[in-house]
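Descriptive analysis of the structure
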Number of protein chains: 2
Amino acid sequence: MRVCVVGLGLIGGSLAKALSKTKKYLVDGYDISKEVCEKALECGCIKSIADFKGGKKYDIVFIALSPALTIEFIKNNADFLKGAIVSDVCGVKAPIISALKDFCKKNGIFFIGGHPMAGRELNGFDNSTPDLFINRYYIFTKDENTLDEKLYVLKELVTDIGCFDVTVTTPEKHDQMIAFTSQLPHILAGTYMKSPSSEFHLGFSAGSYHDVSRVASIDENLWTQLFLSNKERLLEELDIFIENINNYRAALNDNDADRLKELIKTGRILKERDLEQNGKEKPHNFG
Amino acid sequence: MRVCVVGLGLIGGSLAKALSKTKKYLVDGYDISKEVCEKALECGCIKSIADFKGGKKYDIVFIALSPALTIEFIKNNADFLKGAIVSDVCGVKAPIISALKDFCKKNGIFFIGGHPMAGRELNGFDNSTPDLFINRYYIFTKDENTLDEKLYVLKELVTDIGCFDVTVTTPEKHDQMIAFTSQLPHILAGTYMKSPSSEFHLGFSAGSYHDVSRVASIDENLWTQLFLSNKERLLEELDIFIENINNYRAALNDNDADRLKELIKTGRILKERDLEQNGKEKPHNFG
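Presented here is a report on the structure given in the accompanying data block. Computed from a predicted model, the values in this text were never measured in an experiment.

1. Observations regarding the sheet that holds strand β8 (residues 165–169) of chain A
Residue and element names in this part refer to chain A. With respect to topology, three strands assemble into an open sheet ordered β6-β7-β8, the strand pairing being mixed. One side of each edge strand has no neighbouring strand; the edge strands of this open sheet are β6 (114–116) and β8. Strand-to-strand twist in this sheet, taken as the mean axis angle between neighbours without regard to direction, amounts to 20°. Pairing analysis gives five bridges linking strand β7 (residues 137–141) to β8, with the strands arranged parallel. If you follow T141 over to β8, its bridge partner there is T169. Packed onto the sheet, helix α6 (residues 148–160) meets β7 and β8 and runs at close to 170° relative to β7. Helix-sheet contacts for helix α7 (residues 171–193) involve β6, β7 and β8, and the interaxial angle to β7 is about 140°.

2. Quick word on the relation of the copies chain A and chain B
Mapping chain A onto chain B is achieved by rotating through 180° and translating by 0.0 Å along the same axis, at an RMSD of 0.0 Å. Overall, the copies show the geometry of a two-fold rotation axis. Of the residues that chain A buries at the interface, 100% are likewise interface residues in chain B, meaning the two copies contact each other through the same surface.

3. Some remarks on the packing of aromatic side chains
Pairs of aromatic rings are described using the distance from one ring centre to the other and the angle between the two planes. For the coordinates displayed, the defined rule picks out 21 aromatic pairs over all chains. Ring centres of F52(B) and F73(B) lie 4.9 Å apart, and the angle between their planes is 85°; on these two criteria the pair is classed as edge-to-face. Residue F52(B) is located in the loop between α2 (34–43) and β3 (60–63), and its partner F73(B) is located in helix α3 (residues 67–76); the two are separated by 21 residues in the primary sequence. Taking relative accessible area as the criterion, F52(B) reaches 18% and is therefore assigned buried. For F73(B), a relative accessible area of 11% translates into the label buried. The rings of Y30(A), F52(A), Y58(A), F73(A) and F80(A) are connected pair by pair, giving a single aromatic cluster. Over the ring of F200(B) we find K173(A), and its NZ or CZ is 5.5 Å from the ring centre. The lysine or arginine in question, K17(B), covers the ring of F125(B), its NZ or CZ lying 4.5 Å from the ring centre.

4. Looking at the pairing of strand β1 (residues 2–6) of chain B
Residue and element names in this part refer to chain B. When you tally the buried positions in β1, you get four out of five residues, the bulk of the element. Inspection of the sheet shows β1 paired to strand β2 (residues 26–30) by five bridges, in the parallel sense. The residue bridging V6 from the neighbouring strand is Y30, located in β2. Here β1 runs beside β3; their pairing, made up of four bridges, is parallel. When the bridges of β3 are listed, V5 appears paired with F62.

Basis of the calculations
Counting restarts for each chain, with residues numbered from 1 along the sequence as it is written. Starting at A for chains and at 1 for ligands, labels are handed out in the order in which the entities are written. In keeping with the predicted nature of the model, local features appear solely for residues at pLDDT of at least 70, side-chain atom pairs appear and are counted solely at 80 or more, and the whole-chain, interface and lining totals rest on all residues. Hydrogens and water molecules were not included; the side-chain quantities draw on all heavy atoms of the structure. Strands were regarded as paired on the criterion that DSSP finds at least two bridges between them. A run of H or I in DSSP counts as a helix once it spans at least four residues, and a run of E counts as a strand once it spans at least two, with each numbered from the N terminus. Each axis is a line fitted through C-alpha atoms, and for a helix only the stretch in contact is used; angles between axes span 0 to 180 degrees, taken between their N-to-C directions. Note on contacts: a residue pair qualifies if any of its non-hydrogen atoms lie within 4.5 Å across the two residues. The least-squares superposition of copies is restricted to C-alpha atoms, and to residues with a pLDDT of at least 70 in both copies. Aromatic pairing here means that ring centres of Phe, Tyr or Trp (its six-membered ring) are within 6.5 Å. Orientation follows from the plane angle: under 30 degrees is stacked, over 60 is edge-to-face, and everything else is tilted. Only protein chains enter the accessibility calculation, which uses a 1.4 Å probe; a residue is then buried when its area is under 20% of its type maximum, exposed when over 50%, and partly exposed in between. Any Lys NZ or Arg CZ that is within 6 Å of a ring centre and within 35 degrees of that ring's normal is treated as a charge sitting over the ring.

This is the structure we're talking about:
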């Protein structure tokens with residue numbers, strides 16, 4: 001299997017490293033930075049720098065770029081991508097699929113939206129690692145153009161690089177869930193850091209501080225795109241969150257011990273039920 | 001050194017186990033549950049069940065009870081505590097110190113407020129562990145009655161059980177910082193779990209979900225006491241948080257990319273500065 005990874009940042013670099021490590025895939029890659037390309041060649045995670053001129057050269061192409069650049073790259077390189085299975089790694093799926101679905105069908109590109117539930121609080125090729133996907137979920141989206149045999153190839157590939165399981169869902173369901181599981185926590189982290197107390201936490205902090213604030217350090221250009229392109233879903237989650245935190249505030253302000261107790265208890269029961277149903281294991285990597 | 005631990009839950013049990021493991025301290029203990037007392041005797045972390053009748057029997061007494069029971073225990077057992085160094089483990093300090101300061105001085109009890117920055121998302125003696133304090137901070141509070149030589153004994157003791165460092169501060173400063181580093185994250189976790197999406201996160205979640213929700217499972221009776229007894233400080237932090245999260249919401253709702261970018265960037269810079277100044281290490285235990 002010949003695989004090409006376009007964009008060798010944290011995710012693309014990790015994909016190239018993980019795929020080449022399996023020895024089952026011949027991996028080429030490309031990055032806009034010459035320095036990154038040279039590092040990737042040197043460490044052996046790509047065999048050569050991909051050249052997008054001419055027709056199909058790869059069975060599978062991963063586009064590991066931001067949403068806007070992902071769409072642009074595919075639209076500008078139809079000949080190169082024709083006949084290949086092409087997958088992106090963007091954190092939103094409905095806007096990507098709706099921008100590319102018809103174009104890809106018309107040009108014979110087998111496009112399947114993808115999103116690895118993997119990441120780190122550090123960016124770039126230098127922080128990429130072949131272990132990034134171990135024990136993680138990988139989400140693929142399915143629409144009316146998706147061919148099961150192409151999806152099967154990608155499912156096998158992500159299993160080869162260590163993923164624990166694959167979730168197949170619609171682009172809309174993906175975006176709804178990701179607003180809750182990923183986008184909202186990133187906003188909570190950034191919001192939390194804005195307290196004037198954050199500067200003085202040392203000596204007064206432990207796991208709670210570290211866990212809530214961990215993902216505050218994110219690229220503002222990428223995440224502004226991600227938030228705005230999932231606006232309606234994220235607003236829904238924000239409104240639910242703001243309503244609920246205001247309930248705690250009101251109970252505290254009113255010295256209403258019974259109401260406060262009930263609010264804490266509801267959170268406890270929901271979390272305990274989650275742990276019972278879904279296991280107590282924390283994923284090994286962050287993201 | 002003869003040490004007594006009153007209350008053998010997660011914190012008290014861990015203190016007894018850690019202290020007895022050092023071989024430097026003779027540890028007795030007491031718990032309202034006979035079953036817990038027997039387990040503690042059996043595992044050897046206490047030599048005998050403490051008896052509070054008569055005068056001083058211990059150099060140091062840790063009261064590992066809830067705020068209300070801590071105050072009650074000390075007021076009901078002045079003869080037993082007279083001449084000893086007595087420390088609590090409550091998550092708030094100003095209300096404890098103000099309730100006990102004069103009483104302890106009058107009765108010759110050397111009371112020093114304490115709060116280990118250690119914990120787990122599981123409660124009770126069965127989850128206690130001698131390793132709970134390893135690499136953690138331990139906070140002691142100082143007021144006009146605090147004797148330095150008594151504080152020194154406690155500092156040495158918590159270093160013996162593995163603490164990384166000791167923070168000495170005023171009760172008020174403790175409560176202000178803890179509203180931010182501990183109480184607010186516990187409210188965020190419980191608030192987060194209340195989204196209807198939380199039930200369906202499996203297959204769509206990774207570290208962000210787990211980290212934000214981890215401490216949602218807390219005892220509602222204890223934490224209602226802790227929140228209400230630190231009401232003003234916690235309200236301040238809640239108001240700052242709610243104002244800031246509403247800023248993200250407004251920027252998103254207005255499609256204001258520049259403002260959203262600025263908000264994300266500010267969070268990133270604050271977190272990066274924190275990591276630079278205070279190290280990238282996450283404590284080994286949670287709390």
